[in-house]
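The chain contents come next:
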Amino acid sequence: MAERSPKILVVEPDPDVLELLVAALARRFDANVTCVANAEGCLDVELVEPHDMVIAELSLDGEDGLVLAEQLASLNMRPIILLADCPTCDDVLTAMRLGVHDVFPKPFPVAELLDTVDVALRRYRTQRAQSAKYHRVRELLRHAIRERRDLNRRVELICRDLVGAHRRLVHRVLDFEEAQREP
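Please read these numbers as outputs of a predicted model, since none were measured by experiment. (Residues numbered from 1 in each chain as written. Predicted model: local features only at pLDDT ≥ 70, side-chain atom pairs only at ≥ 80, totals over all residues. Heavy atoms only, no water.)

**Describing the sheet that holds strand β3 (residues 53-57)**
And then number 1: One open sheet holds the five strands; their spatial order is β2-β1-β3-β6-β7, and the pairing between them is parallel. Either end of the sheet is taken by a strand with one partner, and the two such strands are β2 (32-36) and β7 (102-105). Across the sheet, the mean angle separating the axes of adjacent strands is 20° when strand polarity is ignored.
And then number 2: Pairing analysis gives four bridges linking β3 to strand β6 (residues 80-84), with the strands arranged parallel. (Pairing = 2+ DSSP bridges. Helix = DSSP H or I, 4+ residues; strand = E, 2+ residues; numbered from the N terminus. Axes fitted to C-alpha atoms, helices over the stretch in contact; angles between N-to-C directions.)

Structure follows, in structure tokens:
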């Protein structure tokens, strides 16, 4: 089964960087790229239509990219890559603690960014496939447990019926033997 084109959300206020990213992502991954300029637009789009990856500017108008990364992580565990003009060590450490896949300082080598996107998307697809497999196995296990409980109930009813039938048979035999002894 062929993999579908990845859906990538780019949050970048700079139109030149945005144009560069969209062209590179579309060319390399045949990606469906959605573009927004701020954190509010990102969250609005992400709530309606979740993406496989988010590439966001660290310094957004009105909101910090780290806060956005934290909000995105609470919605869905997709890979996030941050782009920053001058990231500090604290920014990078905080981003890594939040689960951000990578932080690229601007200007960034496009080929290196695309390689990182490729690795992140592969890891994300693998995690999604493993998660789906886990949920399928868990559902099968639930079904098997329900079936086993139902089977146990049925076996218990059959055993009760057999014990009852055996008791009735014993009473009939005893009644018959007693009737045979009486003159």
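**Here we look at the environment of R4**
And then number 1: Take R4: it is sitting in the segment before β1 (7-11).
And then number 2: Looking at R4, the relative accessible area reads 44%, which means it is partly exposed.
And then number 3: With residues near it in sequence (within four places) discarded, R4 still touches D52, R125 and R128.
And then number 4: At 2.8 Å, the side chain of R4 forms a polar contact with the side chain of D52. (Buried < 20%, exposed > 50% of the residue type's maximum accessible area, 1.4 Å probe, protein only. Contact = heavy atoms within 4.5 Å. Polar contact = N/O pair within 3.5 Å; in protein donor to acceptor, adjacent residues only side chain to side chain.)

**Concerning unusual backbone geometry**
And then number 1: Backbone torsion omega between K106 and P107 reads -10°, so that peptide bond is classified as cis.
And then number 2: Along the polypeptide, P107 turns up in the loop between β7 and α5 (110-181).
And then number 3: Within the chain, D30 stands out as a residue other than glycine whose phi angle is a positive 50°.
And then number 4: Relative to the assigned elements, D30 resides in the loop between α1 (15-29) and β2.

**Brief notes about the packing of aromatic side chains**
And then number 1: Per the counting criterion, the structure on display carries one aromatic pair.
And then number 2: Geometrically, the ring pair formed by F104 and F108 is edge-to-face, given 6.5 Å between the ring centres and 70° between the ring planes. Per residue, the accessibility class of F104 equals that of F108, and both read buried. (Phe/Tyr/Trp six-rings, centres within 6.5 Å; stacked < 30°, edge-to-face > 60°.)

**A look at the side chain of T116**
And then number 1: Looking at the secondary structure, you find T116 in helix α5.
And then number 2: Its relative accessible area of 12% is what places T116 among the buried residues.
And then number 3: Residue contacts for T116: discarding those within four places in its chain leaves I81, H101, D102 and F104.

**Brief notes about a nonpolar patch on the surface**
And then number 1: On the surface, L47, V48 and L75 cluster together to form a nonpolar patch covering roughly 330 Å² of accessible area.
And then number 2: Along the polypeptide, V48 turns up in helix α2 (residues 39-48).
And then number 3: The class for V48 is exposed, based on a relative accessible area of 72%. (Patch = residues over 30% accessible without salt bridge, like charges linked within 9 Å, V, L, I, M, F, W, Y side chains within 5 Å. Areas by Shrake-Rupley, 256 points an atom, 1.4 Å probe, with all protein chains shown as cover. Salt bridge = Lys/Arg side-chain N within 4 Å of Asp/Glu carboxyl O.)

**Section: the pairing of β2**
And then number 1: Here β1 runs beside β2; their pairing, made up of five bridges, is parallel. Looking across to β2, one finds that V11 is bridged to V36.
And then number 2: Tracing the backbone out of β1, into α1 and back to the parallel element β2 gives a crossover that is right-handed. (Right-handed = clockwise from strand over helix to strand, strands pointing away.)

**Comments concerning the pattern of salt bridges**
And then number 1: A complete count under the given rule lists 14 salt bridges for this structure.
And then number 2: Between K106 and E12 there is a salt bridge, with its nearest N and O atoms 3.2 Å apart. Separated by 94 residues along the polypeptide, K106 in the loop between β7 and α5 and E12 in the loop between β1 and α1 bring together distant segments of the chain.
And then number 3: The partner of R122 in a salt bridge is D118, and the shortest N-O contact between them spans 3.2 Å. Here R122 and its partner D118 are both found in helix α5, four residues apart, which amounts to about one turn of the helix.
And then number 4: For D118, a relative accessible area of 18% corresponds to the buried category.

**A short note on the packing of α2 against helix α3 (residues 65-75)**
And then number 1: Put simply, α2 and α3 touch, their axes get as near as 11 Å, and they point 5° apart. Put simply, α2 runs roughly parallel to α3. Between α2, through A39, C42, L43, E46 and L47, and α3, the contact on the second element is made entirely by L68, Q71, L72 and L75.
And then number 2: Tallied by class, residues from the contact of α2 with α3 come to seven nonpolar, one polar and one charged. (Parallel < 35°, antiparallel > 145°, perpendicular 65-115°, else oblique. Nonpolar A, V, L, I, M, F, W, Y, C, P; charged D, E, K, R; others polar.)

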